[in-house]
Amino acid sequence: MIRHYDVIVIGAGPAGMACSASLGEMGLDVLVLDEQEVPGGQIYRNIESCPVQRMEVLGEDYARGQPLAARFRARDLTREQGASVWQVEPEGRVYYSRDGISQMVTGNYIVAATGAMERPVPIPGWTLPGVMGAGGANNLYKEAGLTPTGRVVLAGSGPLLLLEACQLIEKGVDIAAILETTPKIPSPKVVPPAFPAALRPDFLYKGVKMLKVIRNSGVPHYKGITNLEALGTDELESVRCVAGEEQLEFDADLLLLHFGVIPGTHIFRQMGCRHEWNSVQRYWHPACDEWGRTNFEKVFAAGDGAYVHGAVAAGLKGELTALEIGTCLGAIQADERDQRAAEVRRHLRSDLFPRPFVDAMYAPRPEMFSFHDDTILCRCENVTVKQVLDVIADGCLDPNEIKIVTRCGMGPCQGRMCGPALAELVALTTSEKVENVGVFSIRPPLKGIPLKELAAMDLEIATSGPAKLFKDAK
Ligand SMILES: Cc1cc2nc3c(=O)[nH]c(=O)nc-3n(C[C@H](O)[C@H](O)[C@H](O)COP(=O)(O)OP(=O)(O)OC[C@H]3O[C@@H](n4cnc5c(N)ncnc54)[C@H](O)[C@@H]3O)c2cc1C
């Protein structure tokens, strides 16, 4: 029998937890699917079982997840962790794999609260063992208490890079250098958004405090670096870059890269959602109305997957989505929705005062993509920059054509790691605007699943619309 719910929420990070808890509080029948084993998402990973000492290092921004997780648990929701959604149809069907079994469920409404990912920026040597994302390293600490040993270099740009640096300093990790691609002198574009940011002195104080921790630690900290390279034969041995006129090289066992965060849009692309371009942060995001509704009446996007605004905003947006869906389903009246939404929006506005400033301050510059011929662009299929440049020279400019010819983007990550950089490379080579270059077409399954799982799916699902099973995104 096909299971049907009022609402299916995909993702149990701050947005998904707040949205589903709120829907549950309205008495609605909610299914939450999340591919992690426990709720929390990226920022609140392992929030329910994190030991006290680790909580102290991770600070109050992390601890804020505890009451949210408790609220999420308090509700009578159907929660399925370890459930990877691999296809969503905007009409209301969701296909997912859990414990080696794939199944389909239906919902009147679908909320994709699937979060963001660290912006992948290929640099020479980024595939060497010993090079990883700073957010990924942070997750290893949240989840397993793992702290890097040996010499660490942090490189890239953005507040999460500085946050990770501060936490490593506090843990006594041997940091060889912090190499920021952010310019030494901020662009004039940061001036106008600095005024609303000043309305949140607590937020600015947090930034200043991080910089102070770094300065007091004595760790060499360079800004405006270029030509970043990870060097080594079988594993990382050193990190090289240019700072001003100087070439620098640091011995290192671990290089933590971070170039900001971008929405994970695969699930929305697969559905055929309309997207918009954020020209400051250079990313695509699904186009949504004030409640998070996409161009599909029954499909909502909540949290950083819809627009990167951080964890607090993600939770608040999850609430707004819940209020709208609750109204559509008759669980609350429109005037109650509006009254409650006004309060949520007040918090949201206050939370977002500093955001345009942070976005402008850490705006990715096209130059950070310093493409070298032999740099691997597609990690899954080992496709180099040169291989892609050759097909561009032959007039092949559409990412999907490039994919067919070179296999760039054809591996198991389905272009998540190379897609944004490929678009930048085409734009740079052809002097076209990156938003006009196009993107990979995303088709199901969104996650790798064995064929035997598909073959073993309930016959009722197949008879409920076999043509739907692999419907193309528009
Ligand atoms: C690696 C990383 C580390 C970060 N660390 C921090 C930090 O320490 N501090 C900070 O302020 N911000 C951090 N961020 C930014 C952060 O993601 C958020 O601002 C916040 O977590 C966004 O909340 P969210 O609910 O929108 O998404 P998330 O918290 O990312 O939650 C999304 C959830 O959706 C699930 N999901 C995604 N796709 C599927 C699928 N197909 N099927 C089933 N489930 C799915 C994921 O498992 C995840 O649990 C980090 C981001 C990344 C990428």
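What counts and how
Residues numbered from 1 in each chain as written. Predicted model: local features only at pLDDT ≥ 70, side-chain atom pairs only at ≥ 80, totals over all residues. Heavy atoms only, no water. Pairing = 2+ DSSP bridges. Helix = DSSP H or I, 4+ residues; strand = E, 2+ residues; numbered from the N terminus. Contact = heavy atoms within 4.5 Å. Axes fitted to C-alpha atoms, helices over the stretch in contact; angles between N-to-C directions. Patch = residues over 30% accessible without salt bridge, like charges linked within 9 Å, V, L, I, M, F, W, Y side chains within 5 Å. Areas by Shrake-Rupley, 256 points an atom, 1.4 Å probe, with all protein chains shown as cover. Salt bridge = Lys/Arg side-chain N within 4 Å of Asp/Glu carboxyl O. Lys, Arg positive; Asp, Glu negative; His and termini not counted. Charge placed at Lys NZ, Arg CZ, Asp CG, Glu CD. Buried < 20%, exposed > 50% of the residue type's maximum accessible area, 1.4 Å probe, protein only. Arc of directions from axis to C-beta. Domains from an automatic or database assignment. Buried area = accessible area lost by both parts, 1.4 Å probe. Polar contact = N/O pair within 3.5 Å; in protein donor to acceptor, adjacent residues only side chain to side chain.

Focus: the sheet that holds strand 11 (residues 221–222)
Phase 1: Here five strands make up an open sheet; going across it, the order is 8-15-9-10-11 and the pairing parallel. Strands at the two margins of the open sheet, each flanked by one partner only, are strand 8 (131–133) and strand 11.
Phase 2: By the bridge criterion, six bridges tie strand 9 (residues 151–157) to strand 15 (residues 254–259) in an arrangement that is parallel. Across the sheet, residue serine 157 finds its bridge partner in strand 15, namely phenylalanine 259.
Phase 3: In the packing of helix 4 (residues 134–144) onto the sheet, contacts are made with strand 8 and strand 15, and the angle to strand 8 comes to roughly 80 degrees.

Observations concerning a negative patch on the surface
Phase 1: A surface patch of negative charge is lined by Asp234, Glu235, Glu237, Asp251 and Asp253.
Phase 2: Mapping glutamate 235 onto the fold places it in the loop between strand 12 (226–231) and strand 13 (238–243).
Phase 3: The class of glutamate 235 is partly exposed, set by a relative accessible area of 49%.

What about the side chain of glutamine 414?
Phase 1: Within the secondary structure, glutamine 414 sits in the loop between helix 13 (399–406) and helix 14 (419–430).
Phase 2: Of the residues examined, glutamine 414 reaches a relative accessible area of 17% and is grouped as buried.

As for helix 3 (residues 65–74)
Phase 1: All of the buried residues along helix 3 are Gly65, Leu68, Ala69 and Phe72. Along the long axis of helix 3, the arc covered by the buried residues comes to 100 degrees, so they all point the same way. For helix 3, the exposed residues lying more than 90 degrees away from the buried face are Pro67 and Ala74.
Phase 2: On its buried face, helix 3 is in contact with helix 1 (14–25), strand 2 (30–34), helix 2 (52–63) and strand 3 (78–81).

Some words on the domain arrangement of the chain
Phase 1: Under the domain assignment used here, the chain contains domain 1 (4–117 + 262–332), domain 2 (120–259) and domain 3 (371–436).
Phase 2: With six residues of domain 2 in contact, the opposing surface of domain 3 contributes nine residues.
Phase 3: At the boundary of domain 2 with domain 3, total buried surface from both sides reaches about 770 Å², with 68% on carbon and sulfur atoms.
Phase 4: Our count for the domain 2 to domain 3 interface comes out at zero salt bridges.
Phase 5: Summed over the shared surface of domain 2 and domain 3, the number is two residue pairs in polar contact (both at pLDDT 80 or more).

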